Amino acid sequence: MIINNKWKDPLLLLSSIGISSIGDFIYLVAINIIVFQLTGSATAVAGLWIIGPLTNIVTKFWTGSFIEYRSKRKIMIGTYIIRAVFIFLIPFASHMAVIYVILVILSVAKAFYNPSSMTYIAILVPREKRKRFNSIRSFASSGAFIVGPAIGGSLILITSVEMTLWMNALFFLISAILLLSLPEKENIDRESIPTLTIAQVVRDFTVVKKFMLNNKYISFIYLGFIIIMIFSFAMDAQEVVFTQHVVGLSEFEYSLLISITGIGSVVGAFLLSIFSNKISLRYMITIGLIMMTVGYVIYAFSWSFISIVTGFVVLGFFNVILNAGIMTFYQNNVSVDIMGRVTSIYDLIQSMFQVIFILVIGIAADFVSLRLTIVTLALVMLLSSIIFSIVVLKPNKKSFY
């Protein structure tokens, strides 16, 4: 009973995050279909991938300044409600321009949600429980990767895309209701909240810059992780073209591939949630990163369904271990007093790199073969991950983990 009481609030938070993750994947399936039905354009569907990073570039300059001085829990609740309302409104939009405006609003809500949730987890979950919490969260997210599209596809077949989106909105409302039952851990003095001005944003940028200069190792590890993961993002953006046009998989084989990858992620996350306390944080990060990259290398050199499945299962299995490790490292080493601002700036950097990489890889694929492009990205990623792991495993840096 004591253990249950200690885990009551973290489990409620996990439930809220897990349900919203399922909602994210249902939404992803439905929005792709509804945009394609309206436009008949693959380009319009591809444009969905760029909205998030572009919105982040515009909003992340000031989201941290807003989040830091306000209740992270209430911001999370607010973003869930906004997403529920605007997802509910999508079926009523008769023009593509209106849908894109709604998608931008949803992306802005998510831009507020990510740094708020990262900080609230660090506030609510004690340091000694964070590794287990993040491991279970990886399990929930991986499960959502399989369950979400399956629910979305089933609902669309049984009902319609419109009804699926309306039901999707309920997932976010349920997540918001669960958060309402969690404690408010911050003492927010409304009188001391600074006005959101350009001067305030500049001051907060200075705070983040000072943190990065005073904590060079922490900054190097997290920024290094972000940059290495950009390689995976760039490869994922070309995934459909590579698997079907280069390797030669059918649409059925590709769908099966995604399902098997999800199962690999769930298995990895499930085992991690059980054994996380027996694995050191450094080994979670280094083994997770190197083996995930090995999975991408196998994928890059794949010639058949079996070889590409092998690569995807390996990268799916170890990706969840890496993410749980790096998230725990970050929450343990960045003060909650500035975490909202620091996370927003890191997200901004990540989004800028993502947009640049997508454009560069798209152009490169026109001049050289896509196979050569993917192979080059995978090998550079592998070399970078080995160098990164050496830095993580330095004996004199053990205290950070």
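Preceding block: the structure.
Conventions adopted
- Residue positions are given per chain, counting from 1 as you read along its sequence in written order.
- Given that this is a predicted model, residues contribute local features only at a pLDDT of at least 70 and side-chain atom pairs are listed and counted only at 80 or more, while totals for whole chains, interfaces and linings are drawn from all residues.
- By convention in this description, side-chain values take in all heavy atoms of the structure and omit both hydrogens and water.
- Cavity means a closed set of points on a 1 Å grid over the protein atoms alone, one where a 1.4 Å probe fits but cannot get out, pocket means an open set with protein on both sides within 12 Å along at least 5 of 7 lines, and lining means a residue has an atom within 4 Å of a point.
- Grid points are joined across faces, edges and corners, and a volume is the space filled by probe spheres set on the points.
- Ten residues, namely Ala, Val, Leu, Ile, Met, Phe, Trp, Tyr, Cys and Pro, are considered nonpolar, four, namely Asp, Glu, Lys and Arg, are considered charged, and the remaining ones, Gly among them, are considered polar.
- Interaxial angle, 0 to 180 degrees, is taken between N-to-C directions of lines fitted to C-alpha atoms, where a helix line uses only the stretch in contact.
- Think of it this way: any DSSP run of H or I at least four residues long counts as a helix, any run of E at least two long counts as a strand, and we number them from the N terminus.
- Roughly parallel here means an angle under 35 degrees, roughly antiparallel means over 145, roughly perpendicular means 65 to 115, and every remaining angle is called oblique.
- Whether a crossing is left-handed or right-handed is set by the direction in which the near helix is turned from the far one by less than a right angle, anticlockwise for left-handed and clockwise for right-handed.
- Between Lys or Arg on one side and Asp or Glu on the other, a salt bridge is scored when a side-chain nitrogen of the former is within 4 Å of a carboxyl oxygen of the latter.
- Residue burial is assigned from relative accessible area. The probe radius is 1.4 Å, only protein chains are included, and a residue is buried under 20% of its type maximum, exposed over 50%, and partly exposed in between.
- In this analysis, the expected span of each helix is defined as 1.5 Å times one less than the number of residues it contains.
- By definition, residues are in contact when any of their heavy atoms lie within 4.5 Å.

Visitor: I'd like to hear about empty space enclosed by the protein, residue by residue, with values.
Guide: A full pass over the atoms with the stated rule returns one cavity of 30 Å³ or more. Looking at the largest cavity, its volume works out to about 50 Å³. Forming the boundary of the largest cavity are Lys60, Phe61, Gly64, Ser65, Val201, Asp204, Phe205, Val208, Arg341, Ser344 and Ile345. Each residue belonging to the lining of the largest cavity can be placed in one class, and the counts come to five nonpolar, three polar and three charged.

Visitor: Outline the packing of helix 12 (residues 281-300) against helix 13 (residues 305-333), supporting the account with residue identities and numerical values.
Guide: Interhelical geometry of helix 12 versus helix 13 gives an angle of 150° and a closest axis separation of 7 Å. Between helix 12 and helix 13, the interaxial angle falls into the category roughly antiparallel. Both helix 12 and helix 13 take part in a crossing whose hand is left-handed. Partitioned by chemical class, the residues of the contact of helix 12 with helix 13 number 20 nonpolar, nine polar and no charged.

Visitor: Can you break down the environment of alanine 140 residue by residue, with the values?
Guide: Among the secondary structure elements, alanine 140 is positioned in helix 6 (residues 127-158). Spatially, the C-alpha atoms of alanine 140 and valine 266 are 8.1 Å apart, while their sequence positions differ by 126 residues.

Visitor: Can you tell me about the pattern of salt bridges, naming the residues and giving the values?
Guide: What the rule picks out here adds up to three salt bridges. Between arginine 83 and aspartate 24 there is a salt bridge whose closest N-O contact spans 2.8 Å. Of this pair, arginine 83 sits in helix 4 (residues 72-89) while aspartate 24 sits in helix 1 (residues 2-39), placing them 59 residues apart in sequence. One salt bridge connects arginine 73 with glutamate 184, and the closest N-O pair in it is separated by 3.2 Å. On the criterion of sequence distance, the pair formed by arginine 73 in helix 4 and glutamate 184 in the loop between helix 7 (161-180) and helix 8 (198-214) is long-range, its members being 111 residues apart. We classify arginine 73 as buried; its relative accessible area is 10%. Residue glutamate 184 is classed as partly exposed on the basis of its relative accessible area, which comes to 31%. Overlapping salt bridges bring together Asp24, Arg83 and Lys110 as one network.

Visitor: Mind laying out helix 13, listing which residues take part and the relevant values?
Guide: In a regular helix each residue adds 1.5 Å, so 29 residues correspond to 42 Å; helix 13 covers 42 Å between its end C-alpha atoms and thus fits that length. For helix 13, the buried fraction is high: 23 of the 29 residues fall into the buried class.

Visitor: Tell me about the side chain of serine 302, residues and numbers included.
Guide: Topologically, serine 302 is positioned in the loop between helix 12 and helix 13. We classify serine 302 as buried; its relative accessible area is 0%. With residues near it in sequence (within four places) discarded, serine 302 still touches Val247, Ser307, Ile308 and Arg371.

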